[in-house]
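# Chains, contacts and geometry: an overview
Take a look at the letters that make up each chain.
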Amino acid sequence: MAKKATGINSIKDSTNCSRAMKRNSSSKKIIASACASMEMEGLKPSKTVRELGKHYLDGKISSKEAVSLIKEKHAAKYCKRG
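In this text, all values refer to a predicted model and were calculated from it rather than measured experimentally.

### Details of the overall build of the chain
- The secondary structure content of the chain amounts to 3 helices and 0 strands.
- The secondary structure elements of the chain, listed N-terminal to C-terminal, are α-α-α.
- When the 82 residues of the chain are sorted by exposure, 10% land in the buried category.
- About 7,200 Å² of surface is accessible on the chain, with carbon and sulfur atoms providing 58% of the total.

Here it is as structure tokens:
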């Protein structure tokens, strides 16, 4: 049977969990807002780009990494070498 966390560690775990949940909720709102703005301009962000945005907002990748990955994806799609 797993031990239940008690004391200061359980408070830290609870706080970290709350922060992660708030960050996740905030990320979803930001992504939804950005997608809505793009759709008003007649653009439709791909699932991949939305996922990269989430990874960026969650601090898993840098903005430079996100831009690089998006460029790679589009370069592969539009600049196929033969």
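That shown, we press on.
### Focus on the side chain of Asp58
- As for its placement among the helices and strands, Asp58 is situated in the loop between α2 (47-57) and α3 (63-78).
- Given the relative accessible area of 19%, Asp58 is considered buried.

### With respect to the pattern of salt bridges
- Enumeration over the complete set of coordinates arrives at 1 salt bridge.
- We note a salt bridge from Lys54 to Asp58, for which the minimum N-O separation is 2.6 Å.
- With relative accessibility at 30%, the residue Lys54 sits in the partly exposed group.

### Regarding the side chain of Ser27
- Mapped onto the elements, Ser27 comes out in helix α1 (residues 7-40).
- Side chain to side chain, Ser27 and Asp58 meet in a polar contact 3.0 Å long.
- Once residues within four sequence positions are removed from consideration, Ser27 is found in contact with Leu57 and Asp58.

### A word on the packing of α2 against α3
- The N-to-C vectors of α2 and α3 enclose an angle of 170°; their axes lie 9 Å apart at closest approach. Relative to α3, the element α2 lies roughly antiparallel. With respect to the hand of their crossing, α2 and α3 are arranged in right-handed fashion. Between α2 and α3, the contacting residues are Thr48, Val49, Leu52 and Tyr56 on the first element and Ser63, Ala66, Leu69, Ile70 and Lys73 on the second.
- Looking at the contact of α2 with α3 residue by residue, the classes come out as 6 nonpolar, 2 polar and 1 charged.

### Details of the confidence of the model for the chain
- Chain-level pLDDT for the chain is 76 on average; 67% of the residues reach the 70-or-more range.
- Of all helices and strands in the chain, the one with the weakest mean pLDDT is α1 (69), whereas α2 scores best (89).
- This model gives residues 10-16 a pLDDT under 50, and the stretch forms 2 contacts once residues within four places in sequence are excluded.

Reading guide: rules and limits
- Residues numbered from 1 in each chain as written.
- Predicted model: local features only at pLDDT ≥ 70, side-chain atom pairs only at ≥ 80, totals over all residues.
- Heavy atoms only, no water.
- Helix = DSSP H or I, 4+ residues; strand = E, 2+ residues; numbered from the N terminus.
- Buried < 20%, exposed > 50% of the residue type's maximum accessible area, 1.4 Å probe, protein only.
- Areas by Shrake-Rupley, 256 points an atom, 1.4 Å probe, with all protein chains shown as cover.
- Salt bridge = Lys/Arg side-chain N within 4 Å of Asp/Glu carboxyl O.
- Polar contact = N/O pair within 3.5 Å; in protein donor to acceptor, adjacent residues only side chain to side chain.
- Contact = heavy atoms within 4.5 Å.
- Axes fitted to C-alpha atoms, helices over the stretch in contact; angles between N-to-C directions.
- Parallel < 35°, antiparallel > 145°, perpendicular 65-115°, else oblique.
- Left-handed = near helix turned anticlockwise from the far one by under 90°.
- Nonpolar A, V, L, I, M, F, W, Y, C, P; charged D, E, K, R; others polar.
- pLDDT = per-residue confidence, 0-100.

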